[in-house]
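# Descriptive analysis of the structure
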Amino acid sequence: MNPLHLLIDGQLVAGDLDMDVINPATEALLCKSPRASKRQLDAAIAAAKKAFPGWRATPMASRAALLEQVAQRLETNVDELARLLTQEQGKPLADARGEVLGSALYFRHFSKAELPVRVIEHSDSRHVEAHRLPLGVVAAIVPWNFPLILMAFKLPAALVAGNTVVLKPAATTPLTTLRFGELVADLFPPGVLNIITDANDLGAAITAHPDVRKVSFTGSTETGKRVMAGAADTLKRLTLELGGNDAAIVLDDVDVKAVAGRVFKAGFANSGQVCIAIKRLYVQDGVYDAVCDELARLANEVVVGDGLAPDTQYGPLQNKAQYEKVKGFIEDARHSGNIIAGGSTQAGPGYFIRPTVVRDITEGSRLVDEEQFGPILPVIRFTDPDDAVARANNSPYGLGSSIWSSNPQRAYRLAEMMDAGTVWVNKHRELAPGIPFGGCKFSGVGTELGERGLEEFTQLKVINIAA
Ligand code: NAD
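The following paragraphs examine the structure supplied in this document. (Residues numbered from 1 in each chain as written. Predicted model: local features only at pLDDT ≥ 70, side-chain atom pairs only at ≥ 80, totals over all residues. Heavy atoms only, no water.)

Mapped onto the elements of the fold, Lys168 is located in strand S8 (residues 164-168). Sequence separation of Lys168 and Gln322 is 154 residues, and the distance between their C-alpha atoms is 20 Å. Those residues in contact with Lys168 that sit more than four places away from it in its chain are Ala140, Ile141, Val142, Ile196, Thr197, Asp198 and Ile206. Side-chain polar atoms of Lys168 contact the side chain of Asp198, separated by 2.8 Å. (Helix = DSSP H or I, 4+ residues; strand = E, 2+ residues; numbered from the N terminus. Contact = heavy atoms within 4.5 Å. Polar contact = N/O pair within 3.5 Å; in protein donor to acceptor, adjacent residues only side chain to side chain.)

Following this line, the structure appears as structure tokens:
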């Protein structure tokens, strides 16, 4: 593999430092990645600051047109990017392709975005307009579960609104983002898009930097709190997309086989390393045993392996720390519930854990109360749907959730009662660039995507003119 580069001030440069990137399917060294020094971070922020006036003055239509070109570069290079993504992240190649092509869709969506001046009042006494101005330098910080698509939740909206960006992927998944930077570097004026990497050591410097006007952060709730504290001194705008413990509530009127199949995918996709994976499954008495049996059957059937192998459906955990954490959840579940599928690692190298289904478990156990972020799903029994909603809501998190029922009125009534940023009905985990996404409680602050997400990359300015 050719050495990859950071992108600073329009230049592809070597890192002052480097770091190892491990393939989680083999535990072997995949390659060395460039790693930015504090000096290079400062240079990236300075370049973004310098580029801001010119980029802000560029007509929005011209900025938008560049996003379409980014989308095309992603599509043209899907094979290379997907392979790299699988090798560093672990996900099956088909899913990696989906992530690359999905990212292109997000860029394309925002290539059609507009920020029109809105007339708030036009009367005998005054004319009042609302304008949306860019903020300045935006820092985009991304975790390791979906390096590209979560980048694509931020970059297109930030750039089309006229901000300049410093993008930082996670320490264990820097490569696809760096390669993306190389592929689009020539499209943007120098300094508009900068990409640096770190070994989890530059986040605090980014959030405290006086020249960064906004941090758009996706990651864990604990780090999100540090970002908020770090940003306080310089009063940065923040969007925080944080952890979740999504509850799905399955009523006893469902088609068990069909629903269990869809619930399984929503719980175990990306080996459970999804912010909006189903992480607590509440199932009503009448279908509890049947749903558990079907989930166990599916878990025993699936192929877990290296994402590059053609028949692999589920890859490894992305990194050793997460692998150890999920093993801890399994050990705990041995005492707090009954493991009816999985519960084992795989012989040989690689951070593999088979999809694990735990029944006869309830609140008060780690697996139900905490975010597992891995392939282990607790199935919790309930009798009264209103009680299930109350139990689901009794969590510090509120990212996604879902209600599953063949009766639309019944499902809608419960959906109205759920405390979450998104409640899906008879599906889970569906996102789209035009639909706003965000969490409540400890799952986040603010919104990404949709018009609302775009506006979060702007400052509202009112012009108020006497009649
Ligand atoms: P993490 O919080 O450890 O890291 C996320 C990013 O923050 C990385 O790029 C990391 O280098 C950086 N970082 C570390 N310390 C920092 C600091 N002090 N200041 C600023 N940045 C810092 O999260 P993770 O383990 O990589 O990701 C998993 C978590 O992300 C899970 O909790 C998951 O639910 C959450 N997540 C949320 C969403 C969402 O949209 N709500 C999406 C995906 C993942």
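With that settled, the discussion passes to the site of the ligand. Lining the immediate surroundings of the ligand are 28 residues, of which Asn200, Ser220, Thr223, Leu242 and Glu371 lie closest. Trp144 places a side-chain nitrogen or oxygen 3.0 Å from an oxygen atom of the ligand. In isolation the ligand offers 860 Å² of accessible surface; the protein chains occlude 90% of this area. Only helix H8 (203-208), strand S10 (214-218) and helix H9 (221-232) provide two or more residues apiece to the shell around the ligand. Counting residues per element, the shell around the ligand draws most heavily on H9, at three residues. Looking at side-chain class alone, the shell around the ligand contains 15 nonpolar, nine polar and four charged residues. Built from parts of two domains, the shell around the ligand gets at least three residues from each of domain 1 (6-242 + 443-466) and domain 2 (247-432). (Near = heavy atom within 4 Å. Areas by Shrake-Rupley, 256 points an atom, 1.4 Å probe, with all protein chains shown as cover. Nonpolar A, V, L, I, M, F, W, Y, C, P; charged D, E, K, R; others polar. Domains from an automatic or database assignment.)

At 3.6 residues per turn, the α-helix brings residues three or four places apart onto the same side. Here helix H11 (residues 285-301) is 17 residues long and its end C-alpha atoms lie 25 Å apart, about the 24 Å a rise of 1.5 Å per residue gives. What H11 keeps buried is the set Val287, Tyr288, Val291, Cys292, Glu294, Leu295, Ala296, Leu298 and Ala299. Among the structural elements, helix H10 (256-268), strand S13 (280-284), strand S14 (338-341), strand S15 (356-359) and strand S16 (376-382) are those in contact with the buried residues of H11. (Expected span 1.5 Å × (residues − 1). Buried < 20%, exposed > 50% of the residue type's maximum accessible area, 1.4 Å probe, protein only.)

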